[in-house]
Each structure stands twice: as C-alpha cells, then as structure tokens.
Amino acid sequence: MNSSHLFQPNRALGYVSNHIPANVRYIDQRRENVVITCVGRSFHVYGCNSFRLIRTGRIHPADITAIAADGFLTYVASGNLIYGWRSSVELRKIYRGHGKPVHLLLPFAKHLISVDASSLLKIWIVATQELYLEIPFANNEFEISAIVHPASYKNKILLGSAQGGLQLWNLKSCKLVHNFAKFDSKVLQLEQAPAIDVIAVGLHSGKIILLNIQYEEVVVEVQQDWGPVTAISFRTDGTSIMATGSSNGQVVFWDLEERTIVSTLMAHDDSVTGLHFLPNEPLLVTSSPDNSLKMWIFDLSDGGARLLRFREGHAAPPTCIRYHGASGRNIVSAGEDSSLRIFSTVAETLNCSLGKASYNRKASKKQKKKSEDPFRMPPIGYFTTEVTRDKEWDSIAALHQGLVQVTTWSYDKRRMGDLHLVPEAFQNKQHNKDFSVMATCLCLSHCGNFVTIGYSSGHVERFNIQSGIHRASYGSPCAHKDYIRGLSSDNLNQLIVTGAADGLLKFWNFKQPQSTVISTPLDTLNLHEPITLMRTHRESAIICAALDDFTVVLVDLDTRVIVRRFEGHRGTIVDACFSPDSRWLITTAQDCIVKVWDIPSSYLIDHFRVSHMCTSLTMSPTGDFLATAHVDYRGINLWANKSLFTNVQLRGLKPESEAPLLDLPTAKCDEQQQDGTGFPLDTAKRMELEELEDAFEEINLEYNSPPQLSRELITMSTVAISRWQNLLNLDIIKKRNRPRQALKKPKSAPFFLPTVAGLDFEFDLNAASGDKTMEDKPTVDGSRIIDLKQVDHLTPFGKLLNAALVTEEYNKPIDYLMKLGPSMIEHEVRNLTPFNSGSGSLPVMGMFMRMIIHMFEQRKEFELAQSYLSLFLKLHGRTVVENKQLSDLLPAVEEAQTTSWTVLEDKLLYGLGVVSNLRNYST
C-alpha cells in the first residue's frame, strides 16, 4: 500500500518565495498586476491589489530554475524541460531539447528564448513548440549570465557573460551584430532603461553602468558598496530613479540626473533577487530567498519608500510548531531565524509575525537599517502556549538553544514580552553568553499563571509569568542529578512531574513548602532508560515519555504506573503528540517515520515515511489535521485525517514492517482548496513527460452526476417541488385562486396556433400544418365512415400506459408525467378511470399501479412516486377497492412502498445517530 491509512497530504503553509527572481506581469481580465514567485518545485501567483494568493502552480519533477511570462502563458524551467502554463494550472506547452538545466528564459514576441547551463541558446516557436534557432556558446569563452531585449531593436537581443563581455545578436539572420568591450567583472544583470538605446548593466563587483549600446558610450557609472548587483529596476511614473538590489538585502535608490544616492532601504534579511517597479506607479515589489515578498510605496515627504504590503514566512526551517486555541485555526511556529510566527489554516492573509527574539527589543528596532542585529537571540528550541490568560498577559513561554534565559511572548498583542526569566543562582552569568547551564524544557500551568522551567543542571524552577517573580524550587539542592528532559503539570495545579536523563520520573507537590524545609518528591518511578522528551494529555491524565532506547511509555498520572509501552522506531524520538480524544499517540523519530499508535488496543495502526526528517508535529484540537515541520523545509505541512470523512478500517500493523513513502503536501490557494483539481507530479515514480502531458489532457474539470449513484440508495427527483407538493390540495388552491369577476371573452385573434399540454411552451406543429387527424383519414377501403373500433378516447398519458401493456416499458409515461404541471397531472390521473365521465379503462389503471411499483423498485423519483400514488388513491380509491383486478395489485404496491421507505428510514436514523454522537462528543 503506497498511502497512509489515516492521513493524506492536504496543503503546505508558509511558502512565499526563494532565490529565483519574481516575475511581474499585467493581467487584462483581472485589471491588476500579478507577481509570480517560485517555491521549490511549484510557483505562486499573488495579486498586487491585496497581495492575496490567487493561484498556485502544479508540482514539477525537479526544482524550478527559471520563470518568465508573457500575456498568455507562464513559462517554467524545471530540469531540462520548459513548461508553458495557462492560468497556472493548465499545461499547454512542453519544450524539449535542452541537455542541461535551463537558467534563463525570455519571451520574445511569438518566440521563447532559453539558455541552459552549457550556454546553449535555443529559440522556440511558442505556438507549435518547434525549435526555430539554436546558437551554441562555449562556457570558457562566453558563458551567458544575463539576457535582455533592447527596446526598438527589432529581432535583436543583448547577451551578458560571466567573463564580462556583451554581445548583440540578430536572431532572424543568426548573426553577431556587435561585440562590446569587456568589463572587469561578471555581468549579473541587464535591464532596459526608460531611455531608448540605454541598457543598465549590473556587475558582480557592485558597479552599475548605464550603457548606450548604439554608440557604445557609458552614460552613467555608479558603485554600490553592499556587494554584487542582484537586481535592477527603473521607475516609470515620471521620476528618474533607478533601484538596485544587493546581496545583503539592501536596496539603493539612485537619482540618475544628479548621479547620487537618494536613499537606501534595508528591504530583506537576504539577497534581493526580485526587484520590479510597477508600470506608471510609485510602487516597488521585492522578493528574496528569505521567504518574503514585499511591496513598497513612495509617498514619504522625503521621497523615500515605506512598506505597504508583505507576505512572508520563516527564513529558516521551523524548529517547533503547536496549535493554539480550541478552534484549530492557528498554528504557532518557531523557526531557526529566531522568529515566532502565527500561521492561519483558514486564509493566508491572516498570517502574522510576533517578531524575532532579542535581548533588547528597543535596540533591535534601531538596527533595522543594518544587516546584522547584534541583539538577536539564538533560535527558539521549544515553546509552550496556554489560552486561559491570553488577553491579560503573556501566554507563550519559549526557551532558546544554548541559553539559560526563557522569554515570554504575547499571543494577543502579537509581540515579544518584556520578561527574561533567569533563576537567581544563574543571574551572575547572564551577561556571559558562554555558560554551561541552559534551559532544557518548560511547561505552562493550565491556569496560565505559572511557568515551570527545567535546566541542564538538574534544577527545576517555577516563575509567575505575569510578573516574572520566582515562586518555587523543586528538590534540594536540585530535582535531578542530570539533564531535565521533560516537565508536566495537571489541570488542577496539584502535581508537577519531572523527567530527566537519569531515567527517573518524579512526582512533586505543585505548592512547595518554605525554603527552610527540604523538598522531596511525592513518588518516583524508575524507567531504567534516560528520558528523551515528555508530552502530556491533561484531560486524560496521561504522560508520554520517550526513552533513549527508541521506546515510548505511557504513564497514568493518577496511579503513577506504566500503562502502555510502544516499540518500533529505529532512531531517537524527536516529537510526539496526542489526538484530542487521547485515543491515538503520534510519534516521529530520526528514522523519518511518523507512527500512529492506538492507545486502548496498544497496536500500531498507521505509519508513513517522508523524505526529510520530521522535527516537530502537532494535532489539531478538532482532530481534522496533523501539522508537521521537516528538516530543510521552511513551511508547515498539513495532513488531513481521513477518518473524519471516510470509513477507515483500522487494523494492527507490525512495528517492524516497511512504512510507505509519501510526498510532502504542496501549497494551495482558496480556490484550489474548493475544487480540488490539483494534479501533483509523482516524484518517486518520475513519470515520463509524454505520460504527464496525456494526464493533463485527460483531466475533465466538469463533473456530471449520474442519474443514480447506487441502487442501494434512495434517489430523489430533480423535478421542482412546486410540481408535486400540492397535488392533494389542488381543489383548495383552485377555490382560493378563483377569480372574483367573470372572465371576459378575449377579442378574436386573426389566427391561432394550438399548443401542446405541459409546462414547456410548445406549438402543435402537426395541427398547424394541416395534418389530417384520424377523423379526416380514409379507411383502408377508401371509406370515410368512422369505425368505432378505431376511436380512442384515452388521454396522451393514458395512451402511453396502454402501450406499456405490451412493452412493459414505464420510462416514457414517467418522463411524460414529470414534464406536466400540477393541474395537468391531476387531469391525467383523474381521466384514467372509465367511470364518472372518464376516458380511461381498468387495464390502464392497473398499468398505472404497476408503474408506481416500478418506481419504488428502481428507488428513483421517490417523492414523485409517493405523490402520484397519493393522488391516485384519493381520486380512485373506491374504484380500486370495488374492482378485484385492481385490488389484487394493492399488496404489491404496499410491499414496494414499505421496502423503499424502510431503506430511507434506516439511512436517516443512521445519520441522526452519527450527528447526535458527534454533538455529545463535542460537548
């Protein structure tokens, strides 16, 4: 089995951009500019009006190396292939032919220019995917590093090389037009200036040259001191400003008339790879490998820029993630970039940052214009949250890698707190950052007032998280003789449980006596192996302790005994969490396997393997998602719990059995989450490109539901409810709607066309064309005398039923009746009887009853069959009882009706039972 029993990939959160430059283009249909960013093997499309994620691309077989776009297609280079996407999800073109990865793309009218790592330049015809021209270059002589199409230069492109040279080529004649003099550094960027014939050249040395390529003259030459030139852009709203990006995140704005620096902007924490001024607007869009996308507006009094909109995620992989609150809509995540962020599982626009950990927040704010912040703290290794006192004071406590200090954060205010919790015994070492004692674990009390911290020295201290005052110490002189690896407290603040590397699990009274009295534990449990970590499910009073021998034990907090032991991991356990109902325990280890253990049965019920080790995981409080963080991945991956929306057969698995390998989820926008049309490429299988193209062509986005999903289900009718609901009350409705005044005879029309009975307005073309009726048609012998045997007084519906006497086909009379309105249905059913001036017959009435039996047996049009039967019995009940031919059919009708109703009733009662059970569970 190549999938998990319980979880399936849903989507990824926190991906915005990487080192591939962002692309900006205007969409006529949306009437806005969009930004296309790369996120590994996929790409995102953001609307500039609100910076909302409007599209996410499909998954490619390899990492994306270049992105370009024109007015119709988005071109993506992945490996040796180039894909042409329409609306980001519809694959239109695949260009094959490169032998090395493509790193440069340039749409060129009806052509596409691509350059691979061997400096092989190819020109493709976009419409036919055919190769138009191929120009090879030698990397040791002219390694292509940049490409641009000079404005007004027909059929010409300008190429820049790693050797510092520039060449102008005519693609139509395939000739070198001009070879420019070499620069003293590698050409990194080529950008068309607003002035004709002028090209901006950005060099690796930090020099920017505005070159007039017609006369090969240098117009402007400036030097930036922040490293290589990584991006160049020009304002086009009437201001002669050029912006250049650098490798340290600095953006420099140059006044081209004065040839001076107007201002600088510390835009990112990493290299600025994407830099685009929006056409005719004072807006600048920047992107960076720090996983951020920002828009700046130039509206300050000094002409400077301020941040208008942004989207960002972790600049480094997350280290710890936890759900916050009972709604399951927000995930708090700590990253290796020392930041703490909140990711929303509902909408990407609700993500926010709590800032980066700092020894001095005020001093760090003054360092914004500098690339390095000397006050930045090490990354957060672990944190814990509590929602009880969210609004009053800090509700998040975090420990940092290698530090004795514990910081507090406010979830409600979205910022770092002012407290740095350090025990008095270690305060003399606070200013010496190279000390041996460090905080190793912590936990918040359920009331949200206290935070208990364990240290590598074996000390356990409790602080008030509101004031930061030290409240208690556990143990004399310390709680354990080794590293404290885990802490836990109960819901009522009666117990504190400590676990250490000495293999001991100690139970302490939460309220410790005065310092003059020796503090001793209430009980001690020896696990005989060093403890790696501890997790708690407070509602069920269960403690999970992972040991260094790769086993997991569950300890009952009330009885203080081991109740379960799970073995099966082949590496050190990294993290663990409980399901909301405490039935499942989910663990992950360095063997890259996630295992799900069923606590009541002590069985392994599911496991799956991922390509990169999972560093942290957390289960949603509602049980719908499992969130995981992985090594070298800067996003958070969500896995949907399949047991909530499908019937999952759980069975015990052997712990040593091979776990299936699953691909990590990918990002999706809101629209794609609704329609579910994402088609990821299976990297493990590496499907052939021809099969990939065929698979995209076979995708049918329109789904037509069949008339009946299953014969085991009761299928209702698609007929409007107004056509059958009031069949039994037609006499009352007619009496109520009777006109108060007598109807006036309308004026005679010059002509009229008879219509066909029914709700659809149709003319009787046979009568209008003068076709002869039965009375007008001569008999076989030529006589026009009417034969009474040929006279048929049945209504159209009666004729269809009469025909069914021989064929036993009921679809035609059923379809005919479904097209009629309530009055016509009543008229047709009333005229089935041969009595009381009716035009029917007893066999026709019998066929009507058999038609009802047929509808019940087919389990289709259930409510229509009930309505038609009720009307029939109301109008002809006495006739049916008095006639033996018809009364003999009543038991069959009753049996068919009872059988179909029993099926429907069972389904309804089952659904009501499930809903009632879920309602009782939620309360």
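**Focus on a nonpolar patch on the surface**
Together, Tyr 910, Val 914 and Leu 918 give the surface a local cluster of nonpolar side chains, amounting to about 330 Å² of exposed area. With respect to the helices, strands and loops of the structure, Val 914 is situated in helix H12 (residues 890-922). Looking at Val 914, the relative accessible area reads 36%, which means it is partly exposed.

**A short note on the sheet that holds strand S41 (residues 470-474)**
Two pairing modes exist for strands in a sheet, parallel and antiparallel, and in both the strands are linked by backbone hydrogen bonds. Judged by pairing direction, the sheet is antiparallel, and its 4 strands sit side by side in the order S38-S39-S40-S41 without closing on themselves. Either end of the sheet is taken by a strand with one partner, and the two such strands are strand S38 (439-444) and S41. Each neighbouring strand pair of the sheet contributes to a mean axis angle of 20°, computed without reference to strand direction. Of the pairings in the sheet, the one linking strand S40 (residues 460-464) to S41 comprises 4 bridges and is antiparallel in character. Within the sheet, the bridge partner assigned to Arg 462 lies in S41 and is Ala 472.

**Brief notes about the pairing of strand S49 (residues 562-566)**
Sheet analysis places strand S48 (residues 552-556) next to S49, joined by 4 bridges and oriented antiparallel. Bridging from a neighbouring strand, Val 555 pairs with Ile 562 of S49.

**Quick word on the state of the cysteines**
Taken as a whole and assessed by the stated rule, the structure comprises 0 disulfides. Free of any disulfide, Cys 441 has its nearest cysteine sulfur in Cys 443, 8.0 Å distant.

**Focus: the environment of Gln 214**
Mapped onto the elements, Gln 214 comes out in the loop between strand S20 (207-212) and strand S21 (217-223). Sequence separation between Gln 214 and Val 198 is 16 residues, and the spatial gap between their C-alpha atoms is 8.2 Å. Discounting chain neighbours no more than four positions away, the residues touching Gln 214 are Tyr 153 and Asp 197.

**Focus: the side chain of Ser 620**
Inspection of the secondary structure puts Ser 620 in the loop between strand S54 (614-619) and strand S55 (625-630). There is a polar contact of 2.9 Å between the side chain of Ser 620 and the side chain of Asp 624. Ignoring anything within four residues of it in the chain, the contact list for Ser 620 reads Tyr 323, Gly 328, Pro 580 and Phe 625.

**Some thoughts on unusual backbone geometry**
Of note, the amide linkage connecting Ser 476 to Pro 477 takes the cis form, showing an omega dihedral of -5°. Structurally, the position occupied by Pro 477 is in the loop between S41 and strand S42 (484-489). Unusually for a residue other than glycine, Ala 541 sits at a positive phi of about 55°. Take Ala 541: it is sitting in the loop between strand S46 (531-537) and strand S47 (542-547).

Basis of the calculations
- Residues numbered from 1 in each chain as written.
- Predicted model: local features only at pLDDT ≥ 70, side-chain atom pairs only at ≥ 80, totals over all residues.
- Heavy atoms only, no water.
- Patch = residues over 30% accessible without salt bridge, like charges linked within 9 Å, V, L, I, M, F, W, Y side chains within 5 Å.
- Areas by Shrake-Rupley, 256 points an atom, 1.4 Å probe, with all protein chains shown as cover.
- Salt bridge = Lys/Arg side-chain N within 4 Å of Asp/Glu carboxyl O.
- Helix = DSSP H or I, 4+ residues; strand = E, 2+ residues; numbered from the N terminus.
- Buried < 20%, exposed > 50% of the residue type's maximum accessible area, 1.4 Å probe, protein only.
- Pairing = 2+ DSSP bridges.
- Axes fitted to C-alpha atoms, helices over the stretch in contact; angles between N-to-C directions.
- Disulfide = S-S within 2.5 Å.
- Contact = heavy atoms within 4.5 Å.
- Polar contact = N/O pair within 3.5 Å; in protein donor to acceptor, adjacent residues only side chain to side chain.

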